[in-house]
Amino acid sequence: MNKWYQTTADNADVSASTSICFARNLVGIPFPSRMSMADRRSVLQKIQAVLSQDRNFRYGRFTQVDLESISKAQAIALAESELISAEMVTDTQGRGVFVSEDESLSIAVNGEDHLLIQSKSAGMQLEKVFGAADELDTFLDRLLPFAFDAQLGYLTQNPFYLGTGMIASLQLHLPALTELGSTGRIAHNLSRLGLTMRGTFGTEPNPKGAWFRLSNQVTMGLSEREALSNLSSMAGQIISHEREMRETLTGRLSVQDTIFRDFGILKNARLISFEEFLKRASAVRLGITAGLIKGIAVSKLDTMIYKAQPATLIFDSGEALTEEECCKLRARMVREGLN
Amino acid sequence: MLCESCGKNTAVIRVKAIVNGEPVEYALCSECAHDLGYANLLFDMLTGYDGTLNDFFPDGEDAAEVKHCPCCGASFQDILRSGKIGCAECYHTFADQLAPFLRKIHGSVSHRGKTAGGGDLPQVLPKAQLSVMHQQLREAIQSENFEQAAALRDKIHEMEEDGQ
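The model shown is predicted, which means the values in this text are computed figures rather than measured ones. (Residues numbered from 1 in each chain as written. Chains lettered and ligands numbered in written order. Predicted model: local features only at pLDDT ≥ 70, side-chain atom pairs only at ≥ 80, totals over all residues. Heavy atoms only, no water.)

## Overview of the overall build of chain A
Thinking step 1. Looking only at helices and strands, chain A features 12 helices and 10 strands.
Thinking step 2. Taking 339 residues into account, the globule formula puts the C-alpha radius of gyration at 20 Å, and chain A, at 20 Å, falls close to it.
Thinking step 3. Dimensions of chain A, computed from C-alpha atoms along their principal axes, come out at roughly 65 × 45 × 35 Å.
Thinking step 4. Counting across all 339 residues of chain A, residues that qualify as buried make up 61%.
Thinking step 5. Put simply, of all contacts in chain A between residues at least 6 apart along the chain, 70% involve residues at least 24 apart. (Helix = DSSP H or I, 4+ residues; strand = E, 2+ residues; numbered from the N terminus. Rg over C-alpha atoms; globule rule 2.2 N^0.38 Å. Buried < 20%, exposed > 50% of the residue type's maximum accessible area, 1.4 Å probe, protein only. Contact = heavy atoms within 4.5 Å.)

In structure tokens:
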């Protein structure tokens with residue numbers, strides 16, 4: 001079965017993926033920062049028991065991964081896939097994640113909150129992704145006593161997420177706006193509108209590979225659909241602005257030269273670091289979406305970016321690799337994918 | 001320590017991330033933390049109250065008089081120190097103390113949207129789900145977790161009534 005990131009979708013030229021998370025907690029059990037180990041195991045068991053009730057449907061077929069029984073590389077690979085948080089990698093005891101076969105639905109357990117229900121999809125598909133997350137949430141809600149207050153909404157460990165407890169995000173590729181130096185100003189303006197835009201790979205002002213995560217920041221006083229509508233409307237403006245700028249940019253010979261040089265390097269390199277790959281893949285992605293590079297789907301390149309992440313690469317190889325072996329394996333995977 | 005994002009201001013919070021296959025911690029200043037969407041209660045309280053921690057941690061306070069949450073045992077000072085709420089019950093136990101901070105974060109608005117226990121999507125309720133809940137109710141009573149038991153009992157009643 002294809003993973004969610006291997007599929008093609010509308011608006012994927014700029015918005016590579018959509019994800020929606022719901023933070024949920026159980027009544028009568030301390031939040032993760034104050035949970036005992038027995039509490040952690042009990043919550044894991046409760047969720048496992050509830051999901052197994054849905055045997056005939058997909059929730060019953062979720063794979064359970066107990067973080068304490070897996071390798072560090074696998075745990076980091078899960079964090080690179082954003083199925084668990086970075087914080088969960090550093091303390092794995094009594095923590096876990098339940099994942100659907102295509103990895104589009106997951107429940108991270110005992111991270112920042114008891115449950116982090118997550119739904120993902122390629123492209124920009126807020127309605128579809130929200131529907132899947134909402135359905136799983138409703139299923140769990142019928143069987144588990146979620147901590148909720150009529151005025152405060154869903155009760156979360158971090159009070160910033162009170163209300164809907166929902167964070168919706170779009171993974172945006174903004175090479176043209178980055179080239180023009182506009183992303184810092186956009187991020188600053190968005191933060192005043194209750195949205196946040198930050199680099200996907202690191203916190204530098206010019207994020208690696210021009211990858212950004214655009215999310216809602218307001219969870220209180222706005223319904224889920226109102227928050228999604230705000231996000232969608234701002235994302236729409238950023239996407240059309242990026243497209244306009246791409247058209248201007250990719251018409252320039254110097255930009256085309258960079259795109260084809262980077263394409264050549266990716267098709268021929270024998271050793272490549274993740275950072276260099278991200279930078280060159282960004283130019284190649286721009287070339288693909290501008291129609292300059294033909295015969296390669298954007299989803300194929302996005303899958304490569306996903307698979308080329310250091311821990312994911314090591315975990316998928318099934319071996320302990322040195323840094324050079326990693327670079328060698330990454331270069332081979334990229335060559336085979338592009339040639 | 002300087003903020004590792006802008007390199008200009010003093011860092012006030014640390015956030016964890018995976019970089020180049022390793023878990024790392026970043027130190028961020030208040031402005032970058034806000035712009036990057038890393039929200040933290042403690043940080044927000046400190047900025048709002050000009051770092052006057054003494055207001056929250058008076059010297060010589062009698063430990064016996066400190067109120068603790070009956071569910072998780074957290075005191076309000078614990079919440080302030082960690083920036084994290086101890087459990088759902090803490091929101092009730094420390095409602096008065098938390099109110100000004102919650103107003104500062106969220107304004108005076110209240111929740112709109114999905115309601116727990118309500119289920120916005122129509123679903124046919126399989127009998128198996130109710131039997132699991134009955135089992136959970138028995139477990140909750142056995143372990144003397146009466147608050148959870150009461151919540152489960154109410155939910156079962158509600159669902160049984162809906163199903164009739």
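Picking up where we left off.
## Regarding the side chain of A:Asn110
All names here are of chain A.
Thinking step 1. Mapped onto the secondary structure, asparagine 110 falls in the loop between strand E4 (105-109) and strand E5 (115-122).
Thinking step 2. In this structure the side chain of asparagine 110 is engaged in a polar contact, spanning 3.0 Å, whose partner is the backbone oxygen of arginine 40.
Thinking step 3. Looking at asparagine 110, its side chain comes within polar contact range of the main-chain oxygen of glycine 94, at 2.9 Å.
Thinking step 4. Residues contacting asparagine 110, with those up to four places away along its chain left out, are Pro32, Met35, Arg40, Val43, Leu44, Met88, Gly94 and Arg95. (Polar contact = N/O pair within 3.5 Å; in protein donor to acceptor, adjacent residues only side chain to side chain.)

## Some remarks on the nonpolar core
Residue and element names in this part refer to chain A.
Thinking step 1. Ile20, Ile107 and Leu140 are the most contacted members of the largest nonpolar core, which totals 61 residues.
Thinking step 2. Ranked by residues supplied to this core, first place goes to helix H4 (residues 126-143) with 9 residues.
Thinking step 3. Domain assignment of the residues forming this core places at least three in each of domain 1 (1-163) and domain 2 (170-246).
Thinking step 4. Excluding residues within four positions of it along the chain, isoleucine 20 makes contact with Ile117, Gln118, Ser119, Leu126, Val129, Phe130, Ala133, Met166, Ile167, Ala168 and Leu228.
Thinking step 5. Formed by 28 residues, the second largest nonpolar core is a distinct cluster that contains Ala16, Phe201, Met304 and Ala308. (Core = buried A, V, L, I, M, F, W, Y, C linked by side-chain atoms within 4.5 Å. Domains from an automatic or database assignment.)

## Re the domain arrangement of chain A
Residue and element names in this part refer to chain A.
Thinking step 1. With domains assigned, chain A is organised as domain 1 (1-163), domain 2 (170-246) and domain 3 (253-338).
Thinking step 2. On a C-alpha basis, the centres of domain 1 and domain 3 stand 29 Å from each other.
Thinking step 3. Residue-level contacts link 17 residues of domain 1 with 14 residues of domain 3.
Thinking step 4. Summed over both sides, the interface between domain 1 and domain 3 buries roughly 1200 Å², with carbon and sulfur atoms accounting for 57% of that surface.
Thinking step 5. In terms of surface lost to domain 3, no three residues of domain 1 exceed Tyr5, Asp13 and Glu80, which account for 45% of the buried area on that side.
Thinking step 6. Across the contact surface, domain 1 and domain 3 share 0 salt bridges.
Thinking step 7. Summed over the shared surface of domain 1 and domain 3, the result is 8 residue pairs in polar contact (both at pLDDT 80 or more).
Thinking step 8. A per-element tally of the side of domain 1 that touches domain 3 places helix H2 (residues 72-80) first, with 5 residues. (Buried area = accessible area lost by both parts, 1.4 Å probe. Salt bridge = Lys/Arg side-chain N within 4 Å of Asp/Glu carboxyl O.)

## Comments concerning the sheet that holds E5(A)
Residue and element names in this part refer to chain A.
Thinking step 1. Read across the sheet, 8 strands follow the order E2-E3-E4-E5-E1-E8-E10-E9 without closing on themselves; strand pairing throughout is antiparallel. Every other strand in the sheet has two partners, leaving strand E2 (63-66) and strand E9 (195-199) as the edge strands with one partner each. Taken over all neighbouring pairs, the strand axes of this sheet differ in orientation by 20° on average, direction set aside.
Thinking step 2. The sheet contact formed by E2 and strand E3 (residues 96-99) spans 4 bridges and is antiparallel. In the strand pairing of E3, valine 65 is matched with valine 97. (Pairing = 2+ DSSP bridges. Axes fitted to C-alpha atoms, helices over the stretch in contact; angles between N-to-C directions.)

## Regarding the interface of chain B and chain A
Thinking step 1. Facing the 61 residues of chain B at the interface are 68 residues of chain A.
Thinking step 2. The junction of chain B with chain A conceals about 5700 Å² of combined surface from both sides, 59% of it contributed by carbon and sulfur atoms.
Thinking step 3. Counting the surface chain B buries against chain A, the share from its top three residues, B:Tyr91, B:His111 and B:Lys114, is 12%.
Thinking step 4. Taken together, the connections running from chain B to chain A amount to 5 salt bridges.
Thinking step 5. Between the two partners, chain B and chain A, sit 14 residue pairs in polar contact (both at pLDDT 80 or more).

## With respect to the packing of aromatic side chains
Aromatic ring pairs are defined here through the distance separating the ring centres and the angle between the ring planes.
All names here are of chain A.
Thinking step 1. Counted according to the given criterion, the structure contains 10 aromatic pairs over all chains.
Thinking step 2. Aromatic side chains tyrosine 59 and phenylalanine 62 sit 5.8 Å apart centroid to centroid with 75° between the ring planes, which places their arrangement in the edge-to-face category. Phenylalanine 62 matches tyrosine 59 in its accessibility class, with the two residues each being buried.
Thinking step 3. An aromatic cluster is present here, built from Trp4, Tyr5 and Tyr306 joined pairwise through their rings.
Thinking step 4. A cation over a ring is seen here: arginine 24 above tyrosine 154, with NZ or CZ 3.4 Å from the ring centre. (Phe/Tyr/Trp six-rings, centres within 6.5 Å; stacked < 30°, edge-to-face > 60°. Lys NZ or Arg CZ within 6 Å of the ring centre and 35° of its normal.)

## Details of the packing of helix H8 (residues 253-268) of chain A against helix H12 (residues 323-338) of chain A
Residue and element names in this part refer to chain A.
Thinking step 1. In contact at an axis separation of 7 Å, H8 and H12 are set at 115° when each is read in the N-to-C sense. Taken together, the axes of H8 and H12 lie roughly perpendicular to each other. Residues Phe263, Leu266, Lys267 and Asn268 of H8 lie in contact with H12, whose contacting residues are Val334, Arg335 and Leu338.
Thinking step 2. Looking at the contact of H8 with H12 residue by residue, the class counts come to 4 nonpolar, 1 polar and 2 charged. (Parallel < 35°, antiparallel > 145°, perpendicular 65-115°, else oblique. Nonpolar A, V, L, I, M, F, W, Y, C, P; charged D, E, K, R; others polar.)

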